[in-house]
Amino acid sequence: MILWVRHGQSTWNLIDRMQGHELSPPLTELGREQAAAAAESLADAGVVRLLSSPAVRARETADIIGARLGLDVVEDPMLLEKGLEESMVEVLVRVRQVLDRDLPDHTVVVSHGDTIGLAVGLLSGQRPELPANGSILSVDPRTRKVSVVVPRR
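Cut-off values and rules
- Residues numbered from 1 in each chain as written.
- Predicted model: local features only at pLDDT ≥ 70, side-chain atom pairs only at ≥ 80, totals over all residues.
- Heavy atoms only, no water.
- Salt bridge = Lys/Arg side-chain N within 4 Å of Asp/Glu carboxyl O.
- Helix = DSSP H or I, 4+ residues; strand = E, 2+ residues; numbered from the N terminus.
- Buried < 20%, exposed > 50% of the residue type's maximum accessible area, 1.4 Å probe, protein only.
- Expected span 1.5 Å × (residues − 1).
- Contact = heavy atoms within 4.5 Å.

**Some points on the pattern of salt bridges**
Here's step 1: Tallied over the entire structure, the rule returns nine salt bridges.
Here's step 2: For aspartate 63, the salt bridge goes to arginine 59, with nearest N and O atoms at 2.7 Å. Separated by four residues within a single helix, aspartate 63 and arginine 59 lie in helix α3 (residues 56-69), roughly one turn from each other.
Here's step 3: Judged by relative accessible area, aspartate 63 falls into the partly exposed class, the value being 35%.
Here's step 4: Note on arginine 59: relative accessible area 25%, which makes it partly exposed.

Quick look at the structure:
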């Protein structure tokens, strides 16, 4: 099962600015707290692999999680947020390529709201929804039930 973590709040989330493939917006202090809370929630989840979008906001989140779990972060550009020049179909193709990999159970993927929403939608058959910053989502492969954890700070 993949555990999907939306990056913590970024400086651009704070001002409701579209980020797309812009890599640079960092986390806010709240975003770092959200990442730390997610890391604590994952501490006993048996995580064996940690993937991240290369965007600074996702990578900072993944670095905080990796430090807590003792895991190295592997960047994957397929996990980037929808680019302003990209169609949703192109993002779906990227997400499908990630899902088609033979990822070990208990892999954590740190990505973006739209990317995670599409992945969870594909896995569950439900309408994609934007997850909250710092939240953790998973889909049971047998029942297709979505579980959402919003870690407490």
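**Some words on helix α2 (residues 29-42)**
Here's step 1: A rise of 1.5 Å per residue sets the reference length of α2, with its 14 residues, at 20 Å; its end C-alpha atoms lie 20 Å apart and thus fit the reference within 8%.
Here's step 2: In this structure, the buried side of α2 is in contact with β1 (2-6), α3, β4 (107-111) and β5 (136-139).

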